[in-house]
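A structural walkthrough
Letter by letter, the chains look like this.
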Amino acid sequence: MKYKDASKQDSFHLDSPQPDEIQNENQDFQLESPAPEVESGAVQNELFLPEYDPESPIDDGQLEIVGFEKPAYAVAVDGIEKPLQFHYASSLLESLEAQGVQVPYQCREGYCGGCRTDLVEGEVAYLQEPMAWINEGEILPCCCVPKSPLKLKLKG
């Protein structure tokens, strides 16, 4: 910084080029950033649908016992009359979405608790231990699968 006479309004200025001295080095500078590119995943408040149908059989290399098919469990959701079934999906959330049930979510990995759902009846197994706090009688569909037929009540 260079200081001038303190009695004047402009008593100092920075050691940077004056506006008429600035060379236009950044021709592509923009005041507003461009909209971020969205990957093939879901955007907040939109239904996430992967490129394949999670409830259709695929050869995913999952351990199978010869002579036994993967179990299918009935899933009843309070307020939805359509019969639902969990069979091939990798999580309960994916299965519900594939069948047209909109479940609120954020992270899809058990960290936030955004998909917290009341488990009215049945039993689930967690694929990974959820990090979000869940109360007794609640489940996180994003990281669990049914172990029996289920009755659910969605939040909100």
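Scroll up a little and you will see the structure.
These lines cover the structure that appears in this document, whether it is placed above or below. The structure displayed is predicted, hence computed values, not measured ones. (Residues numbered from 1 in each chain as written. Predicted model: local features only at pLDDT ≥ 70, side-chain atom pairs only at ≥ 80, totals over all residues. Heavy atoms only, no water.)

1. Concerning the environment of W133
- Checked against the element boundaries, W133 lands in the loop between β6 (124–126) and β7 (138–139).
- Given a relative accessible area of 65%, W133 falls into the exposed group. (Helix = DSSP H or I, 4+ residues; strand = E, 2+ residues; numbered from the N terminus. Buried < 20%, exposed > 50% of the residue type's maximum accessible area, 1.4 Å probe, protein only.)

2. Observations concerning the pairing of strand β3 (residues 73–77)
- Here β3 shows one buried face, formed by Y73, V75 and V77, and one open face, formed by A74 and A76.
- Judged from the 3 bridges that link them, β3 and strand β4 (residues 84–86) form a sheet pairing that is antiparallel. Opposite V75, over in β4, you have L84 as the bridge partner.
- Between β3 and β4, which follow one another and run antiparallel, lie 6 residues, and G79 among them has a positive phi close to 95 degrees.
- As paired elements, β3 and strand β9 (residues 150–154) share 3 bridges and run parallel to each other. In the sheet register, V75 faces β9, and the bridge partner there is L150. (Pairing = 2+ DSSP bridges.)

By themselves these figures say nothing about function.
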